[in-house]
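This is what each chain is made of:
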Amino acid sequence: MAVKFQWPSIHNFFDKATRHRLAIKKTSRVNNLIVSLVLSTTTLQTLAAERSILLLAPTSTDARLEASHAAIEFWNETLAQLEVDTRLGEPRVAVEWPALRTLENFARLIAQQAIRFPNSEVYPAAPEELTTLPEDIIVLLSNQDIMSFAWSIPKTNSDRYLVVIRLPRGPDRNDLMVSRHVLAHELGHALGLLHNNFAHTLMCGPCQPFTASPGPRDFLPLTDNELNFLREAFKNR
């Protein structure tokens, strides 16, 4: 069944930041080995087998919570099909987190800078409330109508990400398919994927309104290059 959806473009600001952080040297806590993988001009490290996730929601009835679980399940099924060990862990959910306003303000700063200065390499300082969280991926289900994005948290472990998901408004307000794809798209960035130029794929960018037919799992497909990238980045050792 064809469905129509869209999400805001994520500017080159984030792709450029991601490229800078794809050169990773990380010692595995599991086997104490340092593993380097050469992917084109980028060096990646085998990451931990499970990436921990924190979901920050404004209310316990936020529809994006269901979409978040669906997106995580999609990625875990994809990683299993690629026969790699890495998985996204069962998320810890925090509702009405005490420092939510601080993180919302920070998310707005990042989004505004991406629009005004897309090629900037200077970032606002991440608040302590964010940098001291233990999870690898912090997903903020924002109460703001700002663009969604995935941002590599500086001055912490290189593979830690803040993922911000905008509050759907207008015709997309109750469209679960939109939220599912936005969440899966941004989690794809947190796994190291960049934008591609194919409008009918999950990691398209910029994404424009279009009519698309999702695959068997109700998500748009990944390209062969993206699947190969993930297989090499996270393959068993």
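In this text the structure is predicted, and so the values were computed from the model without any measurement. (Residues numbered from 1 in each chain as written. Predicted model: local features only at pLDDT ≥ 70, side-chain atom pairs only at ≥ 80, totals over all residues. Heavy atoms only, no water.)

1. Points about the overall build of the protein chain
Here is step 1: For the protein chain, the count of helices and strands is 6 helices and 11 strands.
Here is step 2: When each of the 237 residues of the protein chain is scored for burial, the buried share is 56%.
Here is step 3: Here the contacts in the protein chain between residues at least 6 apart in sequence split such that 69% fall between residues at least 24 apart.
Here is step 4: Counting only carbon and sulfur atoms, one obtains 50% of the accessible surface of the protein chain, whose full area is about 11,600 Å². (Helix = DSSP H or I, 4+ residues; strand = E, 2+ residues; numbered from the N terminus. Buried < 20%, exposed > 50% of the residue type's maximum accessible area, 1.4 Å probe, protein only. Contact = heavy atoms within 4.5 Å. Areas by Shrake-Rupley, 256 points an atom, 1.4 Å probe, with all protein chains shown as cover.)

2. Quick word on the sheet that holds strand β10 (residues 161-165)
Here is step 1: The strand order across the open sheet built from 5 strands is β7-β5-β8-β10-β9, with neighbouring strands paired in mixed fashion. Of all the strands in the sheet, just β7 (92-95) and β9 (149-152) have a single pairing partner and so form its edges. On average, each strand axis in the sheet is inclined to that of its neighbour by 20°, with strand direction left out of account.
Here is step 2: Looking at chain direction, strand β8 (residues 137-141) and β10 are connected through 5 bridges and run parallel. From the neighbouring strand, Leu141 faces β10, where its bridge partner is Ile165.
Here is step 3: Seen against the sheet, helix α2 (residues 63-81) touches β5 (53-57), β7, β8 and β10 and runs at an angle of roughly 160° to β5.
Here is step 4: Strand contacts of helix α5 (residues 176-190): β8, β9 and β10, with the helix running at about 165° to β10, the strand carrying the most contacts. (Pairing = 2+ DSSP bridges. Axes fitted to C-alpha atoms, helices over the stretch in contact; angles between N-to-C directions.)

3. Here we look at the packing of α2 against α5
Here is step 1: Where α2 contacts α5, the axes come no closer than 8 Å and their chain directions differ by 50°. Looking at the two axes, α2 sits oblique to α5. Crossing of α2 against α5: the hand is right-handed. Across the interface between the two elements, Ala63, Arg64, Glu66, Ala67, Ser68, Ala70, Ala71, Ile72, Phe74 and Trp75 from α2 touch Leu176, Ser179, Arg180, Leu183, Ala184, Leu187 and Gly188 from α5. (Parallel < 35°, antiparallel > 145°, perpendicular 65-115°, else oblique. Left-handed = near helix turned anticlockwise from the far one by under 90°.)

4. Remarks on the packing of aromatic side chains
Here is step 1: Applying the stated criterion across every chain yields a total of 4 aromatic pairs.
Here is step 2: When the centroid spacing of 6.1 Å and the interplanar angle of 70° are considered together, the rings of Tyr123 and Trp151 count as edge-to-face. Here Tyr123 is found in the loop between α3 (100-116) and α4 (128-131), whereas its partner Trp151 is found in strand β9, with 28 residues between them in sequence. Side by side, Tyr123 and Trp151 carry an identical accessibility label, which is buried.
Here is step 3: Through a chain of ring-to-ring contacts, the aromatic side chains of Phe74, Trp75 and Phe219 assemble into a single cluster. (Phe/Tyr/Trp six-rings, centres within 6.5 Å; stacked < 30°, edge-to-face > 60°.)

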